[in-house]
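Here is what each chain is made of, one letter per residue.
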Amino acid sequence: MTLFTPEKERELERLLGQIQLRHKPAFEELYRLTSANLYGLILKIVSKPDEAADVLQETYLKVWRNSDQFRADLGSAWGWLCQVARNAALDRIRKNSRQRELDTSDFDDLLNALEAVQPDLVDEADLSRCLQQIRQEMKKPLLLSYVYGMSHAELVQHLNAPLGTLKAWIRRGLMELRACMTV
Amino acid sequence: MHDSMRYRTPEVRQHLASHYVLGTQTARVRRRTESLINADPQLQAEVWFWQSKLARVNSAIEPQTPPASVWHSIVAQLDGKGTAQPGVWQRLWQRFPIWQATTALLAIVLAVQLFVPQPEPLKVGVGADYVALMDSDDADLAPELIVAAYLSKGTEPSRLAFEWNDRSPRSDINGLTLFAIDKDTGAVTNLGTIADDSPPMLMSKVQWKALKNSSELVIAEGDTIDDKPRYRGPCIQIARTS
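Residues numbered from 1 in each chain as written. Chains lettered and ligands numbered in written order. Predicted model: local features only at pLDDT ≥ 70, side-chain atom pairs only at ≥ 80, totals over all residues.

Draft legend 1. Quick look at the overall build of chain A. What chain A contains, in helices and strands, is nine helices and zero strands. Put simply, chain A has 183 residues, and 41% of those count as buried. (Helix = DSSP H or I, 4+ residues; strand = E, 2+ residues; numbered from the N terminus. Buried ≥ 20, exposed ≤ 12 C-beta atoms within 10 Å, placed from the backbone.)

Following this line, the structure appears as structure tokens:
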């Protein structure tokens, strides 16, 4: 949980800048710094390790090929890397029509870790503070979607709530989160 | 109003960006959102806002060491050597050049066949009045299924025909229901049950009218359009019909 410090963020930005110039040692350094975190993230969505390893490989190849899409002026390098990895993982699970076996046993621990304030982390106070402010029924589907890549249908099954209600919770939760984070 | 213009309001941008980053969009909607992101700097900024804020969640996930083979494969791909370890078939291929010769021969046979006029040209889509390129929610870029609609001519009744994209995997659509979404009102009309292996599906005047006025066709597993939709695609007029 050290990737999000301002120093690490600047380091990732620097490496991505060099990767844009096709600098392979920078790419290797980026892999060394981030692969375990991204693999952990992917494993939450694609639970089979061999498939998750494929997705990780795909992620880094996309980072290498599409590094020019990284915009340091718009947002965080870690955020961009996570988006590339999550998109690749979501593509993988949406392609497999069979039902996934999801392990969400660590969800409460994750939620507690997220809500604990750690002032050395970039933007952390924002998200932690805002997560504490939104209601549980909104927070849960938001984080289940984000962490485990749950679709609406999976959320309906997991939370045993009607689809319409669930969509309303997500929509409202996102609106409240945004309003809180842009104060 | 241009198709992409209606997305350019702050509310719609916020909705699209937040759901894109959250990951609740289907693959099809995600692809559509990505093309809008490339065309709209404000939507792009909104996406970056969400991905930067929510990335904190990922930092709370326990890191896991990936297998060493991942990096080796990446390096091999970057060096243009494909995967680091060739698969069984690749190794066999390299070992038996006779297979290469056999494949070359087959390629020649196929090439010759291409120059021979086909006795039964592909009929679906040729002379059609409307077509819909139907796309499922998986991540493939190419539409998987073509629905072609032919207006009644002479003794031939109005009809629908279905043809699969040979580059995509087929699935059984037998018994699924086809719906048309009206381009002006958004009203949904049930066009009937599909039989994949039957002759073209005949259409009544009411069904034809619904198809003609539709912006989109949807194939769903259930009796309503929201009940497990399997394929959807814009309905395009390609001939002047009355």
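Draft legend 2. Broad picture of the environment of R178 of chain A. Mapping R178 of chain A onto the fold places it in helix α9 (residues 163-181). For the pair R178 of chain A and C130 of chain A, spaced 48 residues apart in the sequence, the C-alpha separation amounts to 8.7 Å.

Draft legend 3. Focus on unusual backbone geometry. All names here are of chain A. One non-glycine residue with positive phi stands out, namely R22, at about 65°. Here R22 lies in the loop between α1 (6-20) and α2 (24-45). In the Ramachandran plot, N160 falls in the positive-phi region, its phi being about 50° despite a non-glycine side chain.

Draft legend 4. Main features of the pairing of strand β7 (residues 214-220) of chain B. Residue and element names in this part refer to chain B. In the sheet, strand β4 (residues 177-182) pairs with β7 via six bridges, with the strands oriented antiparallel. Paired with T177 across the two strands is A220, which belongs to β7. Looking at chain direction, β7 and strand β8 (residues 229-237) are connected through five bridges and run antiparallel. Directly across from V218, in β8, lies its bridge partner R232. (Pairing = 2+ DSSP bridges.)

Draft legend 5. Fine view of the interface of chain B and chain A. The partner chain A presents 52 residues to the 37 residues of chain B that form the contact. For the side of chain B that touches chain A, the elements supplying multiple residues, two or more each, are α1 (10-22), α3 (41-59) and α4 (68-78) of chain B. A per-class count over the side of chain B that touches chain A returns 19 nonpolar, 13 polar and five charged. (Contact = placed C-beta atoms within 7 Å. Nonpolar A, V, L, I, M, F, W, Y, C, P; charged D, E, K, R; others polar.)

Draft legend 6. Inspection of the environment of A113 of chain A at higher detail. Inspection of the secondary structure puts A113 of chain A in helix α5 (residues 107-115). Remark: the alpha-carbon pair of A113 of chain A and S128 of chain A, spanning 15 residues in sequence, is separated by 9.1 Å.

Draft legend 7. Representation of the sheet that holds strand β5 (residues 188-193) of chain B within the structure. All names here are of chain B. With antiparallel pairing, the eight strands of this open sheet are ordered in space as β5-β4-β7-β8-β1-β2-β3-β6. Here the strands that pair on one side only, and so sit at the sheet edges, are β5 and β6 (201-202). As defined by bridge partners, strand β1 (residues 130-134) adjoins strand β2 (residues 145-150) across five bridges and the pair is classed as antiparallel. By the bridge assignment for β2, M134 is matched with L145. Relative to β5, helix α7 (residues 205-212) is tilted by about 125°, and along the sheet it contacts β1, β2, β4, β5, β7 and β8. (Axes fitted to C-alpha atoms, helices over the stretch in contact; angles between N-to-C directions.)

Draft legend 8. A look at the confidence of the model for chain A. Across chain A, the average pLDDT comes to 89, with 91% of residues at 70 or higher. When mean pLDDT is compared element by element in chain A, α2 of chain A scores highest at 97, while helix α6 (residues 124-133) of chain A scores lowest at 79. (pLDDT = per-residue confidence, 0-100.)

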